[in-house]
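# Residue-level structural notes
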Amino acid sequence: MLSMAVNVDALEQKTMIRDDQTYASASWTEKERSIVTDTSMSVTKKDDGTYISLSVYTYDQMTGYGSYKSGFMVTQDKVFKISNTLDSASLSEIEMEIYNGNTGEKEILTVKADWVGKGDIIGGISKDMSKFPGYISRTSFSNLYREATAIGSINNCDIGESYNAGLYKDKSTISTMEK
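Worth saying up front: this structure is predicted, and the values here are computed from it rather than measured.

Moving on, we come to the overall build of the protein chain. Summing up its helical and strand segments, the protein chain has zero helices and 11 strands in all. Counting from the amino terminus, helix and strand elements in the protein chain follow one another as β-β-β-β-β-β-β-β-β-β-β. Taken over the C-alpha trace, the protein chain has a radius of gyration of 23 Å; the compact-globule value for 179 residues is 16 Å, which it surpasses by more than 25%. When the 179 residues of the protein chain are sorted by exposure, 32% land in the buried category. Counted over contacts in the protein chain with a minimum sequence separation of 6, partners at least 24 positions apart contribute 57%. When the accessible surface of the protein chain is summed, it comes to about 11700 Å², and 50% of that surface belongs to carbon and sulfur atoms. For the protein chain, the separation between the mean place of its 19 positive charges and that of its 25 negative charges on side chains is 8 Å.

Next up, the structure:
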């Protein structure tokens, strides 16, 4: 008969999940006579790439007619930079495929934007630890935000300064250990 002794204390299972992301968002409104164009953009940098979304809504205040275009892309290219202190960010000039909601057609837009942080950084860090028999869990969350101004261009046409913009930095870590 074969006998095997196993030290149960030596068996541990550790897991750690991290999610770090920095991002910038901005909204612009342009008006030329009765034509109003609302543009929104967000750029998120994660470990697996940069996520970019853009929407452009144009409408005529006289006729009520409007058109909507939107696009989303993920790229591995290093097209987005944001400072650790949320002082600034920039999206290099990129070509982005967007969908025209009125015609159903796709088109390519050239997009670029720059952000400058203003005011104080808002947010903080929270940590928590839970202990149970044979199990320990630790969590850490950090959410930071700074108001910003942004300037942008679409197809090399200046869309002006944003009326709303922000720079963000989020980090979360969840670690567990089981005995």
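From this point, things continue past the structure.
Position of T37 relative to the elements: it lies in strand 2 (residues 35-46). In this structure the side chain of T37 is engaged in a polar contact, spanning 3.4 Å, whose partner is the side chain of T58. Dropping the residues within four chain positions of it, T37 is found in contact with W28, T29, E30, V56, Y57 and T58.

What follows deals with the pattern of salt bridges. Tallied over the entire structure, the rule returns six salt bridges. Close ionic contact of E107 with K69 constitutes a salt bridge, the shortest N to O distance being 3.4 Å. Separated by 38 residues along the polypeptide, E107 in strand 7 (residues 106-117) and K69 in strand 4 (residues 66-75) bring together distant segments of the chain. Under the relative-accessibility criterion, E107 is labelled partly exposed at 27%. K69 sits in the partly exposed class, given a relative accessible area of 23%.

Before going further, it helps to spend a moment on the side chain of N100. Structurally, N100 can be placed in strand 6 (residues 88-100). On the basis of relative accessible area, N100 is assigned to the buried category, the value being 9%. Not counting the four nearest positions on each side in its chain, N100 is found in contact with Y68, K69, E105 and E107.

A cluster of nonpolar side chains, contributed by I17, F141 and I174, occupies part of the molecular surface with about 260 Å² of accessible area. Positionally, F141 belongs in strand 9 (residues 135-154). Residue F141 is classed as partly exposed on the basis of its relative accessible area, which comes to 34%.

Below, the discussion takes up the confidence of the model for the protein chain. Across the protein chain, the average pLDDT comes to 90, with 94% of residues at 70 or higher. Note on residues 1-11: pLDDT is under 50 here. Beyond four places in sequence and across chains, it has three contacts.

Definitions and cut-offs
Residues numbered from 1 in each chain as written. Predicted model: local features only at pLDDT ≥ 70, side-chain atom pairs only at ≥ 80, totals over all residues. Heavy atoms only, no water. Helix = DSSP H or I, 4+ residues; strand = E, 2+ residues; numbered from the N terminus. Rg over C-alpha atoms; globule rule 2.2 N^0.38 Å. Buried < 20%, exposed > 50% of the residue type's maximum accessible area, 1.4 Å probe, protein only. Contact = heavy atoms within 4.5 Å. Areas by Shrake-Rupley, 256 points an atom, 1.4 Å probe, with all protein chains shown as cover. Lys, Arg positive; Asp, Glu negative; His and termini not counted. Charge placed at Lys NZ, Arg CZ, Asp CG, Glu CD. Polar contact = N/O pair within 3.5 Å; in protein donor to acceptor, adjacent residues only side chain to side chain. Salt bridge = Lys/Arg side-chain N within 4 Å of Asp/Glu carboxyl O. Patch = residues over 30% accessible without salt bridge, like charges linked within 9 Å, V, L, I, M, F, W, Y side chains within 5 Å. pLDDT = per-residue confidence, 0-100.

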